[in-house]
Amino acid sequence: AGDGSGPEPGGGSDSPAPERVLFPPTFSVSEIKNKQRRHFMFLRWKQQQRKEKLALKKKRRKEREALGDKAPPKAIPKTIENQRVYDETTVDPNDEEVAFDEATDEFAPYFNRQTVPKILITTSDRPRGRTVRFCEQLATVIPNSHVYYRRGLALKRIIPQCIARDFTDLIVINEDRKIPNGLVLSHLPDGPTAHFRMSSVRLRKEIKRKGKEPTEHVPEVILNNFTTRLGHSIGRMFAALFPHDPQFIGRQVATFHNQRDYIFFRFHRYIFKSEKKVGIQELGPRFTLKLRSLQKGTFDSKFGEYEWIHKRREMDTSRRKFHL
C-alpha cells in the first residue's frame, strides 16, 4: 500500500499526479505500532503542518496587499505574557505610598547618594573550578566588587565582618555537583536578603560570537518588567549593586530582564556601526534567576522573618499569574 506521497519515479507516466492530502483528518500517529514507522510518520506530519501554515500565511499577506489601506489591522497574537492576570500590588509610579516607602526603605541611602556600593562576592564551602571562574567574571561586571572564598566560615560570622569593612552588599554563589545553582543577595547592614535559584549559567568562553574582555567602565543598568511591589523591591536590590552615573563612553550595559518571574541577566557592549545603526555584542557571563524567598534583615536561616516565600503548590495554580 502506498503512503500517499505520489507515484514512484520511473513509473512510466509523465503527467503530474494530482495533489492529495497526506494525512486524513481522522489520522492518528499513535495508532501506528512500529516505533520507527511511527517516528517517521510523525516527522512527515509535522512537515505537512509547517507547509500548510506557511501557505496560509502567504495567502493572508497577498490578501492584505490587495486590500491596501482597507486591510483590517493585524491581530495581536495571544501570549502568556499579554494575558497575564492582573496583580493588585502592581506599582503606580505616581502613587504617594510607593514614593514614601522608597524614601524610607533600606535602599534609600544608596538612591540618595549617601553610600557608594562595595560588594563582597563569596561562594559555598570548597567551590569547584566552574563556580570560581563564574565569581571572577561576575566581579568584572559589578564595579568595586571583591571575591573572597569562604574557607568554612559561616555566613552569620561573615556578615558582621562585611559591615565592619563598609561593604554594602554580600553575594553568595552556591553550587551543586560542581555547577552554580543558587545565589543569595543580602543588602547590608539592615537587609533585606533574597534567595534565588540559578540556572543556565554560561561563562564567557561558552558564548558564541562574544566580544573582547569588558573594560573597567561603570556599566549602564537596565531593569525590565519589575512591575509589582515585590518586583520593585528586587529591582532596587539589583540597582543598588552598581555605582551611580554610568560611564557611557565604555558602551557597556547590564540588563536584568524579568519575564514570567524568570530574571534573565545579560551583559552587552554597544557597537555603533553608523550614525543611525547600532548593534550589541554580548560579553558574558549570562545566567537566569528565579526568586525563592525574600527575607527581612540580613541572612538568618533559623530565626529570620520572611516577607515572601515561593510556595509552588499554592502559588503556581495558573500559568498566567506572576509575582514580580
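Residues numbered from 1 in each chain as written. Predicted model: local features only at pLDDT ≥ 70, side-chain atom pairs only at ≥ 80, totals over all residues. Heavy atoms only, no water.

Defined as follows: UniProt positions are given in the numbering used here, feature names are shortened, and annotations may be inferred rather than shown by experiment.
Per an unreviewed UniProt entry, the chain goes by the name Ribosome production factor 1 and belongs to Eulacestoma nigropectus. UniProt's Function (unreviewed entry) comment on the chain is quoted here verbatim: "May be required for ribosome biogenesis." Heading Subcellular location (unreviewed entry) of the UniProt record for the chain holds this comment: "Nucleus, Nucleolus".

## Side note on the confidence of the model for the chain
For clarity, the cut-off: The predictor rates its confidence in each residue with pLDDT, a number between 0 and 100. Note on definitions: a residue-residue contact is assigned when non-hydrogen atoms from the two residues lie within 4.5 Å.
Per-residue confidence for the chain gives a mean pLDDT of 87, with 93% of residues at or over 70. Counting contacts from residues 1–13, a segment whose pLDDT is below 50, to residues more than four positions away or on other chains yields 8 contacts.

## Describing the side chain of T193
Short version of the rule: The way it works is that DSSP assigns letters per residue, a run of H or I at least four long becomes a helix, a run of E at least two long becomes a strand, and they are numbered from the N terminus. Only protein chains enter the calculation, and the probe is 1.4 Å; a residue is then buried if its accessible area is under 20% of its type maximum, exposed if over 50%, and partly exposed in between. In the analysis that follows, any N or O atom pair within 3.5 Å is treated as a polar contact, provided that within protein one partner can donate a hydrogen and the other can accept it, and provided that, for residues neighboring in sequence, both atoms belong to side chains.
Along the chain, the position of T193 falls in strand β5 (residues 193–202). Assessed through its relative accessible area of 2%, T193 is described here as buried. For T193, the side chain forms a polar contact with the side chain of S186, separated by 2.9 Å. Only 3.3 Å separates the side chain of T193 from the backbone nitrogen of F299, close enough to count as a polar contact. Leaving out residues up to four positions away in the same chain, T193 has contacts with V184, L185, S186, S293, L294, Q295, G297, T298 and F299.

## A look at the side chain of H323
Along the chain, H323 falls in the segment after α7 (312–315). H323 gets classed as buried once you look at its relative accessible area, which sits at 13%.

## Focus: the pattern of salt bridges
Which entries qualify depends on this criterion: By convention in these notes, a salt bridge is any Lys or Arg side-chain nitrogen within 4 Å of a carboxyl oxygen on Asp or Glu.
Throughout the structure, instances matching the rule amount to 9 salt bridges. Of the charged contacts in the structure, one is a salt bridge between R113 and D245, with a shortest N-O distance of 3.0 Å. With R113 in the loop between α3 (108–111) and β1 (119–123) and D245 in the loop between α6 (229–239) and β7 (252–259), this pair connects stretches of sequence that are 132 residues apart. For the pair shown, R113 and D245 are each scored as exposed. For E305, the salt bridge is made with K296, and the minimal N-O distance between the two is 3.6 Å. Because the salt bridges share partners, they merge into one network encompassing E102, D105 and R236.

## Structural notes on the UniProt feature "domain: Brix" (unreviewed entry) in the chain
The residues that UniProt annotates with the feature "domain: Brix" (unreviewed entry) are residues 117–300. Spanning residues 117–300, this segment combines 18% helix with 40% strand, and its end C-alpha atoms are found 22 Å apart.

## Topic: α6
Burial within α6 is extensive, with 8 of its 11 residues counted as buried. Within α6 the residues assigned to the buried category are L230, G231, I234, G235, R236, M237, F238 and A239.

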